[in-house]
Amino acid sequence: MSILNATTTSGVVLTGDTTGNLTIQSAGNTVCTITATGANAGIQLASWAAPAFSAYQSTLQTLSTSTNTKILFQTKEFDTNNNFASSTFTPTVAGYYQINASGALVSSVATWSNLKLYKNGSYFKQSFAPSSSAQIDVAGFTGLVYANGTTDYFEIYGVVGAGQNTNAGQTVTWFSASLVRSA
Amino acid sequence: MLYDKIMALYPSLTTQDFLTVITLQNDSDGRGDYIAKWEHPTLAKPTEEQLA
């Protein structure tokens, strides 16, 4: 692996080899790797440079009627940059993020349900699922948002027309996000 | 439940009110339901005593 390193002491330092692959570093920290062939061919950003996470709810929670309730996602599937904690996503890289969520209810009553994205503690964007007599209601959310990489954080809230429990599970109640492009 | 207490005080409130001028919230932090926004044009925000 050839290395192109922009140092803080010696300018740009180039260390070459014959692999045909190139790593670009800043102060010794790998930013990306360029690989010409093989399964990883292309440009791979370092995990810290491209935050992505996915988590799901493993323990159901009770939603009260017409009450915006923070949805809890207790189990992480992956979290490349350790930006997800306490069911809150706080990306540390400034940029534009694709955020997705799904919330399911175990419902015995016809109702409406709604998933809301909260940014910095305030209602920001929402989805809406109409009334349904189905036994399982699901609301989804998807959106593209900006995060400043320092203080901005995101949470998912749910609200229902009649109090009931969420349907916990990896496949139905989850929250994920990834960096689409940097600022 | 906070919703039930509010409805007992103001039975005329509708679902639409709770989607627009009133926001009840629970941050799942153990502190329970609370009124995050009350902008109803005619009904006063309930006091702590009324909700106790």
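Residues numbered from 1 in each chain as written. Chains lettered and ligands numbered in written order. Predicted model: local features only at pLDDT ≥ 70, side-chain atom pairs only at ≥ 80, totals over all residues. Heavy atoms only, no water.

### Topic: helix H1 (residues 2-9) of chain B
Moving on, step 1. Among all positions in H1 of chain B, only Leu-2, Tyr-3, Ile-6 and Met-7 of chain B are buried. Buried residues along H1 of chain B cover an arc of 130° about the axis, so they all sit on one side. (Buried < 20%, exposed > 50% of the residue type's maximum accessible area, 1.4 Å probe, protein only. Helix = DSSP H or I, 4+ residues; strand = E, 2+ residues; numbered from the N terminus. Arc of directions from axis to C-beta.)

### Topic: the layout of surface pockets
Moving on, step 1. Roughly 250 Å³ of internal volume is contained in the largest pocket.
Moving on, step 2. Along the walls of the largest pocket sit 18 residues, with Tyr-118 and Tyr-123 of chain A together with Thr-23, Gln-25 and Ala-36 of chain B positioned nearest its centre.
Moving on, step 3. Mapped by element, the contributors of at least two residues to the lining of the largest pocket are strand S13 (111-119), strand S14 (122-126) and strand S17 (154-160) of chain A together with helix H2 (15-20), strand S1 (22-26) and strand S2 (34-38) of chain B.
Moving on, step 4. Considering only residue class, the lining of the largest pocket consists of eight nonpolar, six polar and four charged. (1 Å grid on protein atoms, 1.4 Å probe; cavity = no way out; pocket = protein on both sides within 12 Å on 5 of 7 lines; lining within 4 Å. Points joined across faces, edges and corners; volume = space filled by probe spheres on them. Nonpolar A, V, L, I, M, F, W, Y, C, P; charged D, E, K, R; others polar.)

### A word on the nonpolar core
Moving on, step 1. Core analysis: the biggest nonpolar cluster contains 24 residues, and Phe-89, Tyr-97, Ile-99, Ile-156 and Phe-175 of chain A have the highest contact counts within it.
Moving on, step 2. Residues contacting Ile-99 of chain A, with those up to four places away along its chain left out, are Leu-117, Phe-141, Thr-142, Gly-143, Val-145, Phe-154, Phe-175, Ser-176 and Ala-177 of chain A.
Moving on, step 3. In terms of nonpolar packing, the next biggest core, distinct from the first, is built from 14 residues, Tyr-3, Ile-6, Met-7 and Leu-24 of chain B among them. (Core = buried A, V, L, I, M, F, W, Y, C linked by side-chain atoms within 4.5 Å. Contact = heavy atoms within 4.5 Å.)

### A short note on the environment of Lys-37 of chain B
Residues and elements named next belong to chain B.
Moving on, step 1. As for its placement among the helices and strands, Lys-37 is situated in strand S2.
Moving on, step 2. Assessed through its relative accessible area of 28%, Lys-37 is described here as partly exposed.
Moving on, step 3. Separated by 26 residues in sequence, Lys-37 and Pro-11 place their C-alpha atoms 18 Å apart.
Moving on, step 4. Within the structure, Lys-37 has its side chain in polar contact with the backbone oxygen of Thr-20 (distance 2.6 Å). (Polar contact = N/O pair within 3.5 Å; in protein donor to acceptor, adjacent residues only side chain to side chain.)

### Digging into the domain arrangement of chain A
Moving on, step 1. As far as domains go, chain A holds domain 1 (12-47) and domain 2 (50-182).
Moving on, step 2. Taking the mean C-alpha position of each, domain 1 of chain A and domain 2 of chain A sit 35 Å from one another. (Domains from an automatic or database assignment.)

### With respect to the side chain of Ser-127 of chain A
Residues and elements named next belong to chain A.
Moving on, step 1. Along the polypeptide, Ser-127 turns up in the loop between S14 and strand S15 (129-132).
Moving on, step 2. Within the structure, Ser-127 has its side chain in polar contact with the backbone oxygen of Gly-140 (distance 2.7 Å).
Moving on, step 3. Excluding residues within four positions of it along the chain, Ser-127 makes contact with Asn-114, Leu-115, Ala-139, Gly-140 and Phe-141.

### Regarding empty space enclosed by the protein
One way to see where empty space is left: roll a probe the size of a water molecule over the atoms.
Residues and elements named next belong to chain A.
Moving on, step 1. Inspection of every chain in the model, using the stated rule, returns one cavity of 30 Å³ or more.
Moving on, step 2. Each pocket or cavity is described by its volume, and for the largest cavity that value is around 90 Å³.
Moving on, step 3. In terms of lining, the largest cavity is formed by 14 residues, of which the most central are Leu-63, Gly-103, Leu-105, Leu-115 and Gly-158.
Moving on, step 4. Contributions of two or more residues to the lining of the largest cavity are made by strand S12 (95-106), S13 and S17.
Moving on, step 5. Among the residues forming the lining of the largest cavity, the class breakdown is eight nonpolar, six polar and no charged.

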